[in-house]
Amino acid sequence: MQKGLKLTDILTTVVISIVFGIVYKLWGPFYYFVKPFGLHIDQLIYGMWFIAATVAFLIIRKPGVALLAEIAASSGEFIMGSEWGLEVLLYGVVQGLFAEVAFAAFRYKRFDVFVVSLAAIGSTIGSLIMDFYKGYIEALAPWNLALFLLARFVGAILISGVFASSLVKALEATGVTQLVRSASKEDFDQLNR
């Protein structure tokens, strides 16, 4: 596997990220719509803001893609008028870096739902660091903080881990991912059966 990013890798990552930047922008009003229902349902859907990193990495499978994807997606969200302003760019960098750590821990050689879920957990940790810095999480009562954290971690694993993996598997089934990465030996072996 070639480790350096080629121009096509960068452009593909940016295109994926622009799509998710649009999703991120549309997700903001939905996040605020579910917030009044309580029980931190808003945190269950928070994981959507980490999905660009995991989907882009599963498609491109190279170092740096997760970070680039989150930066590009948060930039797209910002350009479209994010309600959080420049702050989304900082979140994108931190979330992308923490996702990248999970992929690096496995030397960028594992692409399964477990590793992608770890990247989602990494992005969640990054987002929580930013939220603690902003200074509103520590005001929650301990039971409420526990519910908040549980909801955010579970949502991240389900959306940016399990759903992202399923989405990319569906794309692989169509053959579209072969446009950006070569077929593996296993792919060719399956064709010969």
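Since the structure is predicted, the reported quantities are computational estimates derived from the model, not experimental observations.

1. Observations regarding the UniProt feature "transmembrane region" (unreviewed entry) in the protein
Per the UniProt record, "transmembrane region" (unreviewed entry) is found at residues 7-24, 44-60, 88-106, 113-133 and 145-168. Along residues 88-106, the helical share is 95% and the strand share 0%, with 28 Å between the first and last C-alpha atoms. Along residues 113-133, the helical share is 100% and the strand share 0%, with 30 Å between the first and last C-alpha atoms.

2. Some points on a nonpolar patch on the surface
Taken together, the side chains of Phe30, Phe33, Phe37, Leu39, Ile41, Leu44, Val113, Leu150, Val154, Leu158 and Val162 define a hydrophobic patch exposed on the protein surface, amounting to about 990 Å² of accessible area. Counting residues per element, the ones that place at least two in the nonpolar patch are helix H1 (7-34), helix H2 (41-44) and helix H7 (142-174). Of the residues forming the nonpolar patch, the biggest block, four residues, is contributed by H7. Locating leucine 150 in the fold gives a position in helix H7. A residue is classified by how much of its surface remains accessible, and leucine 150, at 54% relative accessible area, is exposed.

3. Describing the pattern of salt bridges
Inspection of every chain in the model, using the stated rule, returns seven salt bridges. Note that lysine 35 and aspartate 42 form a salt bridge whose closest N and O atoms lie 3.5 Å from each other. Note on aspartate 42: relative accessible area 5%, which makes it buried. Put simply, aspartate 131 and arginine 152 hold a salt bridge, and the shortest N to O gap is 2.7 Å. Placement of aspartate 131 in helix H6 (residues 113-134) and of arginine 152 in helix H7 is noted, with a sequence separation of 21 residues between them. As far as the burial class goes, aspartate 131 and arginine 152 line up, both buried.

4. Side note on the side chain of threonine 124
Mapped onto the secondary structure, threonine 124 falls in helix H6. In this view, threonine 124 contacts Phe50, Arg152, Phe153 and Ala156; residues no more than four positions away in its chain are not counted.

5. A short note on the nonpolar core
Counting residues in hydrophobic clusters, the biggest one holds 39 residues, and the most contacted among them are Phe20, Tyr24, Trp49, Ile51, Val55 and Phe103. Elements with a minimum of two residues in this core: H1, helix H3 (51-60), helix H4 (65-79), helix H5 (87-105), H6 and H7. Residues contacting tryptophan 49, with those up to four places away along its chain left out, are Tyr24, Trp27, Gly28, Tyr31, Glu70, Glu77, Trp84 and Gln95.

6. Considering the packing of aromatic side chains
Per the stated rule, a full pass over the model turns up 14 aromatic pairs. Centre to centre, the rings of tyrosine 46 and tryptophan 49 are 5.2 Å apart; their planes meet at 65°, and the pair counts as edge-to-face. Aromatic side chains phenylalanine 106 and phenylalanine 114 sit 6.3 Å apart centroid to centroid with 85° between the ring planes, which places their arrangement in the edge-to-face category. Looking at phenylalanine 106, the relative accessible area reads 25%, which means it is partly exposed. Taking relative accessible area as the criterion, phenylalanine 114 reaches 46% and is therefore assigned partly exposed. Ring-pair connections join several aromatic residues into one group, and the members of that group are Tyr31, Tyr32, Tyr46, Trp49, Phe50 and Trp84. Of note, arginine 61 hangs over the ring of phenylalanine 111, and the distance from its end group to the ring centre comes to 4.2 Å. Of note, arginine 152 hangs over the ring of tyrosine 46, and the distance from its end group to the ring centre comes to 3.7 Å.

7. Some details on H3
Within H3, 10 of the 10 residues are buried, which leaves the element mostly enclosed by the surrounding structure. Ile51, Ala52, Ala53, Thr54, Val55, Ala56, Phe57, Leu58, Ile59 and Ile60 are the residues of H3 that are buried. In this structure, the buried side of H3 is in contact with H1, H4, H5, H6 and H7. After H3 finishes, the residue arginine 61 shows a positive phi value of roughly 60°.

Conventions adopted
- The written sequence of each chain sets the order in which its residues are numbered from 1.
- Reporting in this predicted model follows two pLDDT cut-offs: at least 70 for local features of residues, and 80 or more for side-chain atom pairs to be given and counted; totals over whole chains, interfaces and linings ignore these cut-offs and use all residues.
- Side-chain measures were taken over the full set of non-hydrogen atoms in the model, leaving aside hydrogen atoms and water.
- UniProt positions are given in the numbering used here, feature names are shortened, and annotations may be inferred rather than shown by experiment.
- Each helix is a run of DSSP H or I of at least 4 residues and each strand a run of E of at least 2, with the numbering of both proceeding from the N terminus.
- Patch members must show over 30% relative accessible area and no salt bridge, and they are joined within 9 Å when carrying like charges or within 5 Å when they are nonpolar side chains of Val, Leu, Ile, Met, Phe, Trp or Tyr.
- Methods summary: accessible areas were calculated by the Shrake-Rupley approach with a probe of 1.4 Å, and residue burial reflects only the protein chains presented.
- The rule for a salt bridge is simple: a side-chain nitrogen of Lys or Arg has to be within 4 Å of a carboxyl oxygen of Asp or Glu.
- Note on exposure labels: buried denotes an accessible area under 20% of the residue type's maximum, exposed denotes more than 50%, and partly exposed covers the range between, all computed with a 1.4 Å probe on protein chains only.
- Note on contacts: a residue pair is in contact if any heavy atoms of the two residues lie within 4.5 Å.
- Among buried residues, the Ala, Val, Leu, Ile, Met, Phe, Trp, Tyr and Cys ones that are joined through side-chain atoms within 4.5 Å form a nonpolar core.
- Working definition: a ring pair exists when centres of Phe, Tyr or Trp rings (six-membered ring for Trp) sit within 6.5 Å. Plane angles under 30 degrees give stacked, over 60 give edge-to-face, the rest tilted.
- The criterion is that NZ of a Lys, or CZ of an Arg, lies within 6 Å of the ring centre and within 35 degrees of the ring normal, and then a charge sits over that ring.

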